[in-house]
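Here is how the chains run, residue by residue.
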Amino acid sequence: MTNALRYLGLLGLSCGLLLGCNSHTVKTTNHVPVERVSDEIPEHLLLDVGVQLFDPGIDDAADADSLIFPEVRKAESRYMPVRLVETLQTSAAWGAVRVVPPANTNSDISVRGKIVQSDGEVLELEISVSDISGEPWFERIYIENASHYAYNERLIKGADPFQGIYNQIANDILAHKNKLSDTEIRNLRTIAELRFARDFSPSAFSEHLSQSKDGRYSVLRLPSDDDPMLNRVRRIRERDYLFVDTLQDYYGTFVRDMEGPYQTWRAESYDAVITQKELESQATMRTIAGIAAIVGGIAAAGNNSGAGRAAGQVAIAAGGYMVKSGFDKREEAKMHSETLIELGDSLEAAIEPQIIELEDRTITLSGTVEGQYDQWRELLKEIYKAETGL
C-alpha cells in the first residue's frame, strides 16, 4: 500500500506542478520622459535630422522562432520613423527633422533603424546614428516590453504603447549632440552642403572635400559665398527640401490612417502572444508531467500487490491524458498563431502618384516612396544641367 500511495503521490505532484505554474507579471506604463532644450538655439547651430525608413527585418526573421507578418512589418517600417521624428521634434534641439527614403543621405544627422521584434508585447529596435561627415555616433539595441494596461485607452489617452523606446532614442541622440562644439556643428553643416553640391557637379566641388579610406569627409577649402555654381546648387537643394517636405504629409496621413487598425492589431497581438506563450508552457509541463506519471505507473503496475497494480494503471491512464492534453494545448497555440496571421493581412502601405508642376512641364512621379524620390533626384539633376548649360 505504501508503494501505491507513493505513485499516486507522484501523480498528484505532477498535477500540482501544472496548477501552480501560472503567474502574471505586471509591467509599468510609465515612460522615460523626453529631454527638452530650454534655451533657444541659434539657427546656424541647428542640425537637421533625417530618419530613414526602417528596415522591416523580414529577411533576418525568416529563420527565427517568431511570427512575422510582412505586411505589418512594412507598414511599421514607415510608422515607427514617423513616431521617432515626432519625438525628436518635441526636444526643440534640432533644425528640420524629417522621415526620408534610404536614398536620401543629405541630412546633417542620419538615423537608421531595423525592426528586430514587434509583436504587441515586445518592441526591439536596432538603431544606428551617424553624421554627414561619416562619423558614427552610436549603434544600440533598444528593447521595451508593453504592459497590458498600455492598450487601455482610458489610461494611455492616445499615447503609443512603446513611446518610451522613442524617448530613449531621442535622449541618446541629444546627449551625443551635446558633446559637439559650435565649430564642429558648423563644420557638419558645411560638409552637408558641399556633399550635396558635389553630387550635382563633381567637377566643380570635388576639390572642396576630401574622403578618407574609411569614408570620413573633411573640408579642404570653402567656395566663395557669391560662387554662381554654389548659388544654383543651393536653389536645387531648396527644391529637394520642398519635395521631402511633401513626403512628410504622406507619412503623416499614412500614420493617421494606420493608427486605428494598427493599435487594434497590437492589442490583439499582445493578447494572442501572451496566450500562446502560456499555452506552449502548459503544453510542455503537461507533456513532461504526463510522461513522468506514465513511467511511474508502469513501475507501479509491475508491483506484486493488487493495490500497486491498480495505482499504476490509474497513473498510466492519467499520464496518457496529460500527454494528450499537452498536444491539445499545442494545437490551440497554433490556432492563435493563425489568428495573428489573419490579423496581419489587412495592413499594407501605398502611396499616390505625385504631380510636380514646373515652369516648362508637368511631371508625374509614381511607384513607391523610394522610387518616387529616385525619380525626383534624377529630375533635379536635369534641371541643374539645364540651368548651368552642362
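The protein has the name Lipoprotein in an unreviewed UniProt entry, where Simiduia curdlanivorans is given as its organism.

1. Describing the overall build of the protein
A tally of regular secondary structure across the protein gives 10 helices and 9 strands. When each of the 390 residues of the protein is scored for burial, the buried share is 45%. A separation of at least 24 residues holds for 71% of the contacts in the protein among residues at least 6 apart in sequence. Here the protein displays about 20000 Å² of accessible surface, and carbon together with sulfur accounts for 52% of that area.

2. Considering the sheet that holds strand S1 (residues 49-52)
Spatially, S2-S1-S3-S4-S5 is the arrangement adopted by the 5 strands of the open sheet, whose pairing is mixed. Each end of this open sheet is capped by a strand with a single partner; those strands are strand S2 (97-100) and strand S5 (136-145). Mean inter-strand twist for the sheet, computed between neighbouring axes without regard to direction, equals 20 degrees. When strand S3 (residues 109-118) meets strand S4 (residues 122-131), the two strands line up antiparallel, connected through 9 bridges. Looking across to S4, one finds that Val111 is bridged to Val129. Here helix H5 (residues 163-177) sits on the sheet and contacts S3, S4 and S5; the angle it forms with S5, its principal contact strand, is near 160 degrees.

3. Thoughts on the pairing of S4
Side-chain positions along a regular strand alternate between the two faces of the sheet. When you tally the buried positions in S4, you get 8 out of 10 residues, the bulk of the element. Linking S3 back to S4 in an antiparallel pair, the connection comprises 3 residues, with Gly120 at a positive phi of about 90 degrees. Pairing geometry for S4 and S5, over 9 bridges, is antiparallel. Each bridged residue has a counterpart across the sheet, and for Ser128 the counterpart in S5 is Glu139.

4. Concerning the nonpolar core
If you look at the biggest cluster of nonpolar residues, it comprises 78 residues, and the most contacted ones within it are Met80, Leu88, Trp94, Leu125 and Ile173. Of the residues forming this core, the biggest block, 14 residues, is contributed by helix H8 (residues 228-301). If we skip the residues at most four places from it in the chain, Met80 touches Phe54, Ile115, Ser118, Leu123, Leu125, Tyr166, Tyr262 and Arg266.

5. A closer look at the pairing of strand S8 (residues 354-357)
Where burial is concerned, the two faces of S8 differ: the one with Gln354 and Ile356 is buried and the one with Ile355 and Glu357 is not. Strand direction decides the pairing type here: S8 and strand S9 (residues 362-365), joined by 4 bridges, are antiparallel. Directly across from Ile356, in S9, lies its bridge partner Ile363.

6. Thoughts on the pattern of salt bridges
Inspection of every chain in the model, using the stated rule, returns 8 salt bridges. Its salt-bridge partner being Arg73, residue Glu76 comes within 3.8 Å of it at the nearest N-O pair. Of the two residues, Glu76 and Arg73 both sit in helix H3 (residues 70-90), 3 residues apart, roughly one turn of that helix. Here the salt bridges do not stand alone but share partners, grouping Glu135, Asp214 and Arg216 into one network.

7. Some words on the environment of Val85
With respect to the secondary-structure elements, Val85 resides in helix H3. Spatially, the C-alpha atoms of Val85 and Val51 are 6.9 Å apart, while their sequence positions differ by 34 residues. Residues in contact with Val85, not counting those within four places in the same chain, are Val51, Val97, Arg98 and Val99.

8. Quick word on empty space enclosed by the protein
Counted under the stated rule, the structure contains 2 cavities of 30 Å³ or more. Quantified by volume, the largest cavity comes out at close to 100 Å³. Lining the largest cavity are 13 residues; nearest its centre among them are Arg98, Asn104, Asn106, Ser107 and Tyr241. At the level of secondary structure, the elements contributing two or more residues to the lining of the largest cavity comprise S1, S2 and H8. When residues in the lining of the largest cavity are grouped by element, the largest group, 4 residues, is from H8.

9. Re the environment of Leu88
In this structure, Leu88 sits in helix H3. Leu88 gets classed as buried once you look at its relative accessible area, which sits at 0%. Sequence-wise, Leu88 and Val34 are 54 residues apart; in three dimensions their C-alpha atoms are separated by 8.4 Å. Apart from the residues within four sequence positions on either side, Leu88 is in contact with Val49, Val51, Trp94, Val97, Ala170 and Ile173.

How each quantity is defined
- Residues numbered from 1 in each chain as written.
- Predicted model: local features only at pLDDT ≥ 70, side-chain atom pairs only at ≥ 80, totals over all residues.
- Heavy atoms only, no water.
- Helix = DSSP H or I, 4+ residues; strand = E, 2+ residues; numbered from the N terminus.
- Buried < 20%, exposed > 50% of the residue type's maximum accessible area, 1.4 Å probe, protein only.
- Contact = heavy atoms within 4.5 Å.
- Areas by Shrake-Rupley, 256 points an atom, 1.4 Å probe, with all protein chains shown as cover.
- Pairing = 2+ DSSP bridges.
- Axes fitted to C-alpha atoms, helices over the stretch in contact; angles between N-to-C directions.
- Core = buried A, V, L, I, M, F, W, Y, C linked by side-chain atoms within 4.5 Å.
- Salt bridge = Lys/Arg side-chain N within 4 Å of Asp/Glu carboxyl O.
- 1 Å grid on protein atoms, 1.4 Å probe; cavity = no way out; pocket = protein on both sides within 12 Å on 5 of 7 lines; lining within 4 Å.
- Points joined across faces, edges and corners; volume = space filled by probe spheres on them.

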